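Next come the chains, spelled out residue by residue.
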Amino acid sequence: MTPGATAIMAPEAALNEPLVRRVLTRVLDRLDAQPQAERTHSIRINLDAGTAPEIHAADSLSARAVAWASIDGAVAAGWTTIGYRKHRRHGAREEREPYLDFDWPDAVEELMREKLSRPRKATSYASQWRIRLTQQNLPISATSLAKLLAAPIEISTRSIDEVLSRFLSIRELAREPLLLREVSSRVFWGLSKILDGRADVVAALLDNDECPFAEQPIVLNVHVSTGPNAFLFIENLVAFERLKAGGNLSDMALIFSSGFRGTAGRLRRANGCSAYYSRASSPTAVVAFEGMLFSAVDIPAYFWGDLDYAGMAILASLRTIFPSVQAWKPGYEPMLARLKAGDGHSPGESGKERQRAIEATGCTYADEELLPALRATGAFLDQE
């Protein structure tokens, strides 16, 4: 372009100018950091010496005219608007501290991305969840809304709009006597576990202090022959059946609840668990057992499970509801001896290679004997 040419450059030509491309690149950088849908203000780019040396440090008046023509071409195309901080009738444009404001519709943003080879970054699911949820204007407290915004529900085979719509429909079930898994199954296409561990999120949706839908009761298999003095939690059913048949632990309530299920706090609430008693259990002992279980008293308790990191993690979790629980030495001591003798198996041999080591359980015996042996041998031993 020469000094005598038009003062407004054609849009396609403007897109080839370094100044315009530099400015547009900065706009896209900002949009990648925070998408347009999340913004309340336009993006402003100052045409200062750092951003626009073609204007402020031009080699000639002709070069400066070309730079301004490219900016005016972008403005004329509707991609941006120009403003000045100093409104004077005299003085060069660059001396008036010019800036460009960008507030693109999607079509313009896509055009810019295509021209600059900058495909749109996928907006994170969590970000989309926050945007859509905020747009709902739910009649709930700020505290409840904050909980919902921080806990997106994602189902990989469904769109976010489908999931959110179904999630919001839970409000229509608030007065029905359902369990949380029944609610999940009803609203999320028969998927019963979507709301597991999300009772607080459901409570926030309903703006309640507590979720009105009880979580699935923990199932306990229990053998209690006389009034128990202590509880023994057993990780695996075979070991539970073996001890039950042994008949020499009459002072203990033997309890089987698979894996981490038996470590949930609702275990100690009458509506939080369902206990099934062996035929040899004494009715009197059952009453005594339930009186202890559903009390706030710290019951003498023990845990026996696999000698691996998952077993130790169950022990640690169980201590959150029975603070005095200890690893059961009569069960673990022979296992420890076998482990130290080299009679264990590698994590990979049992499909346990994903188990994560834990530093401590809070039980002295486990922390000083069992965990060090697991670390030293790198091997595990099943309870059976």
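All figures in this text were calculated on a predicted structure; none of them were measured in a lab.

J.: Now, about helix H8 (residues 160-168): what can you tell me, with residues and values included?
T.: Those residues of H8 not exposed but buried are Ile160, Val163, Leu164, Phe167 and Leu168. Each buried residue of H8 lies within a common arc of 130° when the element is viewed along its axis, so the set occupies one face. Its buried side turned inward, H8 meets helix H6 (125-135), helix H7 (142-149) and helix H10 (199-205).

J.: Explain the packing of aromatic side chains to me, using residue names and the numbers behind them.
T.: This model, assessed by the stated rule, comprises eleven aromatic pairs. Residues Phe102 and Trp104 carry aromatic rings whose centres are separated by 5.6 Å and whose planes lie at 85° to one another, so their mutual orientation is edge-to-face. The class for Phe102 is buried, based on a relative accessible area of 2%. Measuring from ring centre to ring centre gives 5.9 Å for Phe231 and Phe322, while their planes differ by 75°; the resulting arrangement is edge-to-face. Residue Phe231 is found in strand S5 (residues 230-234), and its partner Phe322 is found in the loop between helix H13 (309-318) and strand S9 (326-327); the two are separated by 91 residues along the sequence.

J.: Tell me about empty space enclosed by the protein, and please be specific about residues and values.
T.: Where empty space is left in the structure can be found by rolling a water-sized probe over the atoms. One pass over the structure, following the stated rule, counts two cavities of 30 Å³ or more. Counted as a void, the second largest cavity has a volume near 40 Å³. In this structure, the second largest cavity is lined by Val20, Val23, Leu24, Ile71, Ala74, Thr80, Leu100 and Phe102. Listing elements by their share of the lining of the second largest cavity, those giving two or more residues are helix H2 (18-33), helix H4 (61-76) and strand S3 (98-102). The element best represented in the lining of the second largest cavity is H2, accounting for three residues.

J.: Quick one: what's the story with the packing of H6 against H8, residue by residue and with numbers?
T.: Packing of H6 against H8 brings their axes to within 11 Å, and their N-to-C directions diverge by 50°. On the basis of their axis angle, the class for H6 and H8 is oblique. Judged by the sense of rotation from one axis to the other, the crossing of H6 with H8 is right-handed. Counting all contacts with H6, which are made through Tyr125, Gln128, Trp129, Arg132 and Leu133, the residues of H8 involved are Ile160, Asp161, Val163, Leu164, Phe167 and Leu168. Looking at the contact of H6 with H8, its residues break down into eight nonpolar, one polar and two charged.

J.: Any details on unusual backbone geometry? Residues and values, ideally.
T.: Even without glycine at this site, Asn137 takes up a positive phi of about 50°. Here Asn137 shows up in the loop between H6 and H7. What makes Asn137 exposed here is its relative accessible area of 65%. A positive phi angle is found at Trp189, which is not glycine, with a value near 55°. Along the chain, Trp189 turns up in the loop between helix H9 (180-187) and H10. The class of Trp189 is partly exposed, set by a relative accessible area of 25%.

Calculation notes
- Residues numbered from 1 in each chain as written.
- Predicted model: local features only at pLDDT ≥ 70, side-chain atom pairs only at ≥ 80, totals over all residues.
- Heavy atoms only, no water.
- Buried < 20%, exposed > 50% of the residue type's maximum accessible area, 1.4 Å probe, protein only.
- Helix = DSSP H or I, 4+ residues; strand = E, 2+ residues; numbered from the N terminus.
- Arc of directions from axis to C-beta.
- Contact = heavy atoms within 4.5 Å.
- Phe/Tyr/Trp six-rings, centres within 6.5 Å; stacked < 30°, edge-to-face > 60°.
- 1 Å grid on protein atoms, 1.4 Å probe; cavity = no way out; pocket = protein on both sides within 12 Å on 5 of 7 lines; lining within 4 Å.
- Points joined across faces, edges and corners; volume = space filled by probe spheres on them.
- Axes fitted to C-alpha atoms, helices over the stretch in contact; angles between N-to-C directions.
- Parallel < 35°, antiparallel > 145°, perpendicular 65-115°, else oblique.
- Left-handed = near helix turned anticlockwise from the far one by under 90°.
- Nonpolar A, V, L, I, M, F, W, Y, C, P; charged D, E, K, R; others polar.

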